[in-house]
Amino acid sequence: MSICTTKFKLNDGYDIPAVGLGTWQGQPGTEAAEELINSIVYALQNGYRHIDTASGYQVEEYVGKAVKKSGIPRSEVFITTKLGNTDHGKVEEAFLKSLDLLDSDYIDLYLMHWPQSILPNREPSEIPTFQETWKSMVQLREKYPDKLRSIGVSNFSIKTLEELLPTTTVVPAVNQVELHPMLPQIELVEYMAKKGIHCTCYSPLGQYNSPILTHLDITSIAERHGVTPAQVALAWEVSRGLSVCPKSSNQKRIVQNITLPQLTDEELISITNFHRKPNMHRTLCTYNGHPTRRGETVLGWTFERLGWDISTTEP
Ligand code: A2P
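Please read these numbers as outputs of a predicted model, since none were measured by experiment. (Residues numbered from 1 in each chain as written. Predicted model: local features only at pLDDT ≥ 70, side-chain atom pairs only at ≥ 80, totals over all residues. Heavy atoms only, no water.)

### Digging into the packing of helix 3 (residues 91–102) against helix 4 (residues 130–143)
And then number 1: At a minimum axis separation of 9 Å, helix 3 and helix 4 run at an interaxial angle of 55°. By the angle between their axes, helix 3 is oblique relative to helix 4. Every pair of crossing elements has a handedness; the one defined by helix 3 and helix 4 is right-handed. Only T133, S136, M137, L140 and K143 of helix 4 make contact with helix 3, whose side of the interface consists of V91, E92 and F95.
And then number 2: Here the contact of helix 3 with helix 4 is composed, by residue class, of 4 nonpolar, 2 polar and 2 charged. (Axes fitted to C-alpha atoms, helices over the stretch in contact; angles between N-to-C directions. Helix = DSSP H or I, 4+ residues; strand = E, 2+ residues; numbered from the N terminus. Parallel < 35°, antiparallel > 145°, perpendicular 65-115°, else oblique. Left-handed = near helix turned anticlockwise from the far one by under 90°. Contact = heavy atoms within 4.5 Å. Nonpolar A, V, L, I, M, F, W, Y, C, P; charged D, E, K, R; others polar.)

Written out as structure tokens, the structure reads:
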């Protein structure tokens, strides 16, 4: 097994590395800055060429420092960051701030982090609408072609993509969504493939205490290949043509997550079917600081408004 150097072609001609390092630390803030910088430097020096961050993670400054410290040329590193949902009305200002914090001449991929706009101290609203915010992102790239390469969205569903695509001639290059064996997003991935939108998986391992990492269906495949369940999940995702951004601050696991086994067709099919088992199809993300419960909203929007066809744990 060697380091995964696979890249996928985006609809605008740029390549996105299949494996990236996630930088969401569980809560916004700078507490673990040194640990994060060390993880990113270690990842880059051990073959990673994609770092995924967001203005909302409040760590862009540390990502910028780590990329410099790693000694890997900026031109070899793919950096994704995201427009925060309090910034939908000031896309240009937010982008230039991210660029400044990342201390970089350009950003490879800029995503609208969420479809919903949240104004400070206000209820989540549709002002500006995500169609308007997308238009601003398109204009942003037209204004700064040297500073911004690809643009895309995150947390969009078939429903919200269907609401967006007829309003624009620029199809998002990427939609980044929660995706792992318990939430394989089969219809969404098929829909996106038809539209030419690349899918990046966030929480590809299922965040904390993930049942995926201990379930016999996955551990038995891992044992057969002499790898960990995390490597099995990531290999399944990459084999589907998806890029992944697992987060880890542990050096051994950072290396594991980019060293992926070749799974057999039967194994891949069994992982794809894993979510069909009772209580196995659900979100594993703690969108509200705890396992997401039925009927809850995510950043003010219901699952129905988001178009998220995903079950949750029982209330
Ligand atoms: P740690 O940072 O201690 O490695 P996700 O990216 O799906 O949200 O998951 C991140 C969580 O999974 C973190 O808690 C991380 O902890 C853990 N993790 C990352 N890589 C592995 C791995 N290879 N095996 C087990 N757990 C992992």
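### Considerations on the layout of surface pockets
And then number 1: What the largest pocket holds in volume is close to 1200 Å³.
And then number 2: Looking at the largest pocket, it is lined by 46 residues, and the ones nearest its centre are W24, G26, S203, Q207 and Y208.
And then number 3: Elements supplying a minimum of two residues to the lining of the largest pocket: helix 8 (229–239) and helix 9 (251–256).
And then number 4: The residue inventory of the lining of the largest pocket, partitioned by class, reads 19 nonpolar, 22 polar and 5 charged. (1 Å grid on protein atoms, 1.4 Å probe; cavity = no way out; pocket = protein on both sides within 12 Å on 5 of 7 lines; lining within 4 Å. Points joined across faces, edges and corners; volume = space filled by probe spheres on them.)

### Overview of helix 8
Because an α-helix packs 3.6 residues into every turn, residues spaced three or four apart end up facing the same way.
And then number 1: Most of helix 8 sits inside the fold, with 10 of its 11 residues counted as buried.
And then number 2: When helix 8 is considered as a whole, its buried residues turn out to be P229, A230, Q231, V232, A233, L234, A235, W236, E237 and V238.
And then number 3: Contacts from the buried residues of helix 8 go to strand 1 (7–9), strand 11 (198–202), helix 7 (216–225), strand 12 (243–244), helix 9 and helix 10 (265–273).
And then number 4: Count one or two residues on from helix 8 and you reach G241, which has phi positive near 85°. (Buried < 20%, exposed > 50% of the residue type's maximum accessible area, 1.4 Å probe, protein only.)

### Observations concerning the environment of W114
And then number 1: Take W114: it is sitting in the loop between strand 6 (107–112) and strand 7 (117–118).
And then number 2: Distance in space between the C-alpha atoms of W114 and K82 is 9.0 Å, their sequence separation being 32 residues.
And then number 3: Beyond its immediate sequence surroundings of up to four residues, W114 is in contact with N85, H88, S154, N155, F156, Y202, Y287, V298, L299 and W308.

### A word on the packing of aromatic side chains
And then number 1: For the structure shown, the criterion picks out 8 aromatic pairs.
And then number 2: Look at W24 and Y57: their rings are 5.3 Å apart centre to centre, the planes differ by 50°, and that puts the pair in the tilted class. Highlighted residues: W24 in the loop between strand 3 (21–22) and helix 1 (33–45) and Y57 in the loop between strand 4 (50–52) and helix 2 (60–70), separated in sequence by 33 residues.
And then number 3: A relative accessible area of 30% means that W24 is categorised as partly exposed.
And then number 4: With centroids separated by 5.2 Å and ring planes inclined at 50°, the aromatic side chains of Y287 and W308 adopt a geometry described as tilted. Residue Y287 is found in the loop between helix 10 and helix 11 (303–306), and its partner W308 is found in the segment after helix 11; the two are separated by 21 residues along the sequence.
And then number 5: The exposure class assigned to W308 is buried, which follows from its relative accessible area of 13%.
And then number 6: Each member of the aromatic cluster is reached from another via a ring pair, and the members are W114, Y287, F303 and W308.
And then number 7: In this structure, R74 packs its charged tip against the face of Y106, placed 4.0 Å from the ring centre.
And then number 8: Sitting over the ring of Y106, R149 keeps its end group 4.1 Å from the ring centre. (Phe/Tyr/Trp six-rings, centres within 6.5 Å; stacked < 30°, edge-to-face > 60°. Lys NZ or Arg CZ within 6 Å of the ring centre and 35° of its normal.)

### As for the site of the ligand
And then number 1: Residues in contact with the ligand amount to 16 residues; listed here are only the nearest, S248, S249, R253, Q256 and N257.
And then number 2: Here an oxygen atom of the ligand and a side-chain polar atom of S203 are 3.2 Å apart.
And then number 3: Calculation on the ligand without its partners gives an accessible area of 570 Å², and the protein chains cover 82% of this total.
And then number 4: In this structure, the ligand is accommodated by the largest pocket.
And then number 5: A breakdown of the residues in the shell around the ligand according to their chemical character gives 6 nonpolar, 8 polar and 2 charged. (Near = heavy atom within 4 Å. Polar contact = N/O pair within 3.5 Å; in protein donor to acceptor, adjacent residues only side chain to side chain. Areas by Shrake-Rupley, 256 points an atom, 1.4 Å probe, with all protein chains shown as cover. Sits in = over half its atoms within 2 Å of the grid points.)

Interpretation in functional terms is not warranted from these geometric data alone.
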